[in-house]
Each structure stands twice: as C-alpha cells, then as structure tokens.
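Each chain, written out:
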Amino acid sequence: MGMESCRRTYTPFTANVRAMIDADPLAQGSVNAWCKARKIPQSTVARWMTGVSDATLEQVDRVAQATGLQPWQLLHPEFDPHRAPPPLEPDVAYVARIFSGLAGADRTRAQKILEILASDSSARDPHV
C-alpha cells in the first residue's frame, strides 16, 4: 500500500479547524500556537490535518468548547471563521449531510440520533 491510501480528504470539521487556525491572528497559521492557546492537544489536531485519523464526537465537542462554538457549527460545510455560521435548519436530511463526514462508530451513533430525530419529528409534524 502506498502513502496515497493513508491520506484522506479533509472532512468539513477538519477544513473548519484549519480555517480557524489560518484566520486566527495570534496563531498566524500555526497549529501548535492555536492548540496551545485553547489547551487542545497539538498531536491530535496534527493527526486530523495529515489524515492519520478522524475526529471523534468527543473531540469535536472539546474544540467547540475551546472556541465558544456549538459542535454543529464546526461540522457545517459552509463554516466561515470570519462570520457567524448560518442558522441550523431543523431538517433531518440537512443534519445528515452535516454529519456525513464522521467515520466508524461515530457515524453509527450519529445515524441512530438522526433516526430518533426523524421518528420524533414525524410524530409531531402533521405535514410529514
């Protein structure tokens, strides 16, 4: 297996973290400086950036807490570190697209959450 098989494309989350690092005037594009200021392990973020591993839901939550954002905002494919994220749409299909970047057990957990949301919203919404 060549190195290409180990390299992954950025998930929306990873791309959003990279955008925050690049937009932070104090970090000046440095993963290490950005992580140090937020008390996030630099080695973990480096693994996301190099495609060695994907972020877990707990890690997404930790970054959200460290940056003052909501986890869903960090998963949003239209995230822009220079302006507030667009409002969350209460549409299960839309939320499913946001979570599509998750892998493994986290993807399974997210799918179960989406199934619960879908069944709950159809029970309350007479238009479904």
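Values in this document were obtained by computation on a predicted structure and should not be read as measured data.

To continue, consider the pattern of salt bridges. Counted according to the given criterion, the structure contains five salt bridges. Here Asp22 and Arg18 are joined by a salt bridge, their closest N and O atoms 2.9 Å apart. With a gap of four residues between them, Asp22 and Arg18 both fall in helix α1 (residues 12-23), about one helical turn apart. For Asp106, the salt bridge identified is with Arg109, shortest N-O distance 3.5 Å.

The next subject is helix α4 (residues 57-67). Three or four residues apart is the spacing at which side chains of an α-helix point the same way, because the helix has 3.6 residues per turn. Buried within α4 we find Leu57, Val60, Val63 and Ala64. Take α4 and look down its axis: the buried residues cluster within an arc of 125°, on one side only. One or two residues past the end of α4 sits Gly68, with phi positive at roughly 75°.

With that settled, the discussion passes to empty space enclosed by the protein. Taken as a whole, this structure holds two cavities of 30 Å³ or more when the rule is applied. Of the voids in this model, the largest cavity is the one considered here, and its volume is about 80 Å³. Lining the largest cavity, in full, are Thr11, Pro12, Phe13, Thr14, Asp54, Ala55, Val60, Leu75, Ile98, Phe99, Gly101 and Leu102. Of all the secondary structure elements, the ones that give two or more residues to the lining of the largest cavity are α1 and α6 (92-99). At three residues, α1 tops the list of elements feeding residues into the lining of the largest cavity. Tallied by class, the residues present in the lining of the largest cavity amount to eight nonpolar, three polar and one charged.

Phe13, Val17, Met20, Trp34, Val45, Trp48 and Val63 are the most contacted members of the largest nonpolar core, which has 20 residues in total. Of all the secondary-structure elements, those providing two or more residues to this core are α1, α2 (31-38), α3 (42-50), α4 and α5 (71-75). The element best represented in this core is α1, accounting for four residues. In contact with Val63, other than residues within four places in its own chain, are Phe13, Val17, Met20, Trp34, Ile40, Trp48 and Leu74.

Looking at the protein, pLDDT values average 80 and 77% of them are 70 or higher. For the protein, α6 is the element with the lowest average pLDDT, namely 70, and α2 is the one with the highest, namely 95. Contacts of residues 1-7 to residues separated by more than four positions or lying in other chains number one contact, the stretch itself having pLDDT below 50.

A full pass over the atoms with the stated rule returns one aromatic pair. With a centroid separation of 5.1 Å and an interplanar angle of 70°, the aromatic rings of Phe13 and Trp48 are classed as edge-to-face. Linking Phe13 in helix α1 with Trp48 in helix α3, this pair joins segments that are 35 residues apart in sequence. Here the two residues Phe13 and Trp48 agree in accessibility, since each one is buried.

Conventions and cut-offs
Residues numbered from 1 in each chain as written. Predicted model: local features only at pLDDT ≥ 70, side-chain atom pairs only at ≥ 80, totals over all residues. Heavy atoms only, no water. Salt bridge = Lys/Arg side-chain N within 4 Å of Asp/Glu carboxyl O. Helix = DSSP H or I, 4+ residues; strand = E, 2+ residues; numbered from the N terminus. Buried < 20%, exposed > 50% of the residue type's maximum accessible area, 1.4 Å probe, protein only. Arc of directions from axis to C-beta. 1 Å grid on protein atoms, 1.4 Å probe; cavity = no way out; pocket = protein on both sides within 12 Å on 5 of 7 lines; lining within 4 Å. Points joined across faces, edges and corners; volume = space filled by probe spheres on them. Nonpolar A, V, L, I, M, F, W, Y, C, P; charged D, E, K, R; others polar. Core = buried A, V, L, I, M, F, W, Y, C linked by side-chain atoms within 4.5 Å. Contact = heavy atoms within 4.5 Å. pLDDT = per-residue confidence, 0-100. Phe/Tyr/Trp six-rings, centres within 6.5 Å; stacked < 30°, edge-to-face > 60°.

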